[in-house]
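Spelled out from the first residue to the last, the chains are:
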Amino acid sequence: MDPSPRAQLPSALVLSLGGTIAMAAPGAGPGGVAPRLTAEDLVAAVPELTEEAELELRDFRKIPGAWLEIDDIAAVAELLNKQAAEGTTGFVITQGTDTLEEVAYLLDLLYEGAAPVVVTGAMRHAQMAGADGPANVLAAVRTAVSPQAREMGVLVALADELHAARHVQKIHSTSPSAFSSPGAGPVGFLIEGRPRFQFALPRQPRVELPLIRPASVEVIEATLGGEGAFLDAASSLDGLVVAAFGAGHVPRTWAPRLGNLASRFPVVLTSRTGAGSVLTGTYDFGPGSETDLLGRGLINGGRLEPRKARLLLLALLRSGADQTTIQAAFAAHR
């Protein structure tokens, strides 16, 4: 007997971490929302999903996006790697949008499978008019089981746009169209309910799990007239990312202190602008130029914006990478 159409559906794991997409008020009366909905609740709101895939549902966390930790995401990556090796067609991660861009990028560093991983969330919780969670979940599942999305690493699906994890950023605090990929644009869109890709990116080099070592990496941002007081307390860190002006510049008084720190641990130079690259030798006006800072031993962060540069450096340090490996990893982003 021929197998039923149901048996031929691809398999997808929907992993819920919480966030606005899973938030609801405690009752009918007034009150703020908190993560209360399960993965089963999210899927039940989208009847069309029964025609898209055989779904496995897991509530991995039920917390706001702001509460997620590096070890939470490492544990997700370990689970995805295991299930991808066992043949799951695709994966959907639902979570809060506060940290969605960072989670997607960290997963992209740690995930080794070919099966698509699609991260999504919602800007409007389930009890608001025009809640966007159901449409985003449907788009994410359809993308996760699409053969065209294989080997693309981790993608983000929101507002019928598909973004690569390495480029996506949250650019608005409340808009339903809060995510963009400055300098790159979406890799695809949902057209008539189906993913359509404009281009594909090669997978970025992976960081090996497990993350066996503790490490602390922070970001310091250059500001007009900023004294860099945090630099004086940075000696206790294992790494530092500088969100510099423009193409990689800082106040002149920062330069000697950054050079001193760079002689002790990795210090990565990035741009606070959100798009474009740190230069290597265009400006040489003395202390605080990119030429000066790179000459003092700072690592060129290339096109990575500061938050993603922090995650790359942190993952490398926690995996036990040496200075040569760290230099090579950032060189790939120039």
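Below, the structure is looked at part by part.

Rules of the game
- Residues numbered from 1 in each chain as written.
- Predicted model: local features only at pLDDT ≥ 70, side-chain atom pairs only at ≥ 80, totals over all residues.
- Heavy atoms only, no water.
- Helix = DSSP H or I, 4+ residues; strand = E, 2+ residues; numbered from the N terminus.
- Rg over C-alpha atoms; globule rule 2.2 N^0.38 Å.
- Buried < 20%, exposed > 50% of the residue type's maximum accessible area, 1.4 Å probe, protein only.
- Contact = heavy atoms within 4.5 Å.
- Areas by Shrake-Rupley, 256 points an atom, 1.4 Å probe, with all protein chains shown as cover.
- Lys, Arg positive; Asp, Glu negative; His and termini not counted.
- Charge placed at Lys NZ, Arg CZ, Asp CG, Glu CD.
- Arc of directions from axis to C-beta.
- Core = buried A, V, L, I, M, F, W, Y, C linked by side-chain atoms within 4.5 Å.
- Pairing = 2+ DSSP bridges.
- Axes fitted to C-alpha atoms, helices over the stretch in contact; angles between N-to-C directions.
- Left-handed = near helix turned anticlockwise from the far one by under 90°.
- Nonpolar A, V, L, I, M, F, W, Y, C, P; charged D, E, K, R; others polar.
- Salt bridge = Lys/Arg side-chain N within 4 Å of Asp/Glu carboxyl O.
- Polar contact = N/O pair within 3.5 Å; in protein donor to acceptor, adjacent residues only side chain to side chain.

A word on the overall build of the protein chain. In terms of helices and strands, the protein chain carries eight helices and 16 strands. The C-alpha atoms of the protein chain give a radius of gyration of 21 Å, which matches the 20 Å a tight globule of 334 residues would have. The principal-axis extent of the C-alpha atoms belonging to the protein chain is close to 75 × 50 × 35 Å. Here the protein chain holds 334 residues, and 51% of them are scored as buried. Partitioning the contacts of the protein chain with sequence separation of at least 6, the portion at a separation of at least 24 is 71%. As displayed, the protein chain offers around 14600 Å² of accessible surface, 52% of which is attributable to carbon and sulfur atoms. Between the averaged position of the 27 positive side-chain charges in the protein chain and that of its 35 negative side-chain charges there is a distance of 3 Å.

Attention now moves to helix α5 (residues 254-262). Of the residues making up α5, those classed as buried are W254, A255, L258, G259, L261 and A262. For α5, the angular spread of buried residues about the axis comes to 160°, placing them on one side.

Looking now at the nonpolar core. L80, I93, L107, L312 and F330 are the most contacted members of the largest nonpolar core, which has 54 residues in total. Ignoring anything within four residues of it in the chain, the contact list for L312 reads Y105, L109, V207, L304, A329, F330 and H333. Counting 29 residues, the second-largest nonpolar core is a separate cluster that includes V14, L138, A140 and A149.

Ordered by their spatial adjacency, four strands build an open sheet running β13-β14-β15-β16, and the pairing between neighbours is parallel. The outermost strands of the open sheet, each flanked by one partner alone, are β13 (217-221) and β16 (299-300). The sheet contacts of α5 involve β13, β14 (239-244) and β15 (267-271), and relative to β14 the element is tilted by about 150°.

Time to look at the sheet that holds strand β5 (residues 90-94). Pairing is mixed in the open sheet, where eight strands are placed in the order β4-β1-β5-β6-β7-β8-β11-β12. For this open sheet the edge positions go to β4 (54-63) and β12 (194-197), each flanked by a neighbour on one side alone. Averaged over all pairs of adjacent strands, the angle between strand axes in this sheet comes to 25°, irrespective of strand direction. By the bridge criterion, four bridges tie strand β11 (residues 188-191) to β12 in an arrangement that is antiparallel. In the strand pairing of β12, F189 is matched with R196. Helix α2 (residues 70-85) contacts β1 (11-18), β4, β5 and β6 (117-120) of the sheet and is inclined by roughly 165° relative to β4. Across the face of the sheet, helix α3 (residues 100-110) comes into contact with β5, β6 and β7 (154-158) while running at roughly 155° to β7.

Let us now look at unusual backbone geometry. Looking along the chain, the bond that leaves L209 and enters P210 is cis, with omega of 0°. With respect to the helices, strands and loops of the structure, P210 is situated in the loop between β12 and β13. Notably, E151 is not glycine yet its phi reads approximately 65°, a positive angle. Position of E151 among the secondary structure elements: in the loop between α4 (133-144) and β7. Relative accessible area serves as the criterion here: at 47%, E151 is assigned to the partly exposed category. Even without being glycine, D160 reaches a positive phi, approximately 65°. The class for D160 is partly exposed, based on a relative accessible area of 39%.

Another point: the packing of α3 against helix α7 (residues 306-318). Direction vectors running N to C along α3 and α7 enclose 35°, while the axes themselves pass 10 Å from each other. In this structure, α3 crosses over α7, and the sense of that crossing is right-handed. Residues E101, E102, Y105, L106 and L109 of α3 form the contact with α7, whose own contacting residues are R307, K308, L311, L312 and A315. When grouped by side-chain class, the residues that make up the contact of α3 with α7 number six nonpolar, no polar and four charged.

We now examine the pattern of salt bridges. Summed over all chains, the structure comprises 14 salt bridges. Close ionic contact of R203 with E151 constitutes a salt bridge, the shortest N to O distance being 3.6 Å. Placement of R203 in the loop between β12 and β13 and of E151 in the loop between α4 and β7 is noted, with a sequence separation of 52 residues between them. With a shortest N-O distance of 3.8 Å, R272 and E221 are connected by a salt bridge. Of this pair, R272 sits in the loop between β15 and α6 (290-295) while E221 sits in strand β13, and the two are 51 residues apart along the sequence. On the basis of relative accessibility, which here comes to 40%, the residue R272 falls in the partly exposed class. Via salt bridges that share partners, E101, E305, R307 and K308 belong to a single interconnected network.

A few words now on the side chain of E52. In this fold, E52 is placed in the loop between α1 (39-44) and β4. At 2.9 Å, the side chain of E52 forms a polar contact with the side chain of R194. Beyond its immediate chain neighbours, meaning those up to four positions away, E52 contacts L9, P10, L138, V141, R142, V145 and R194.

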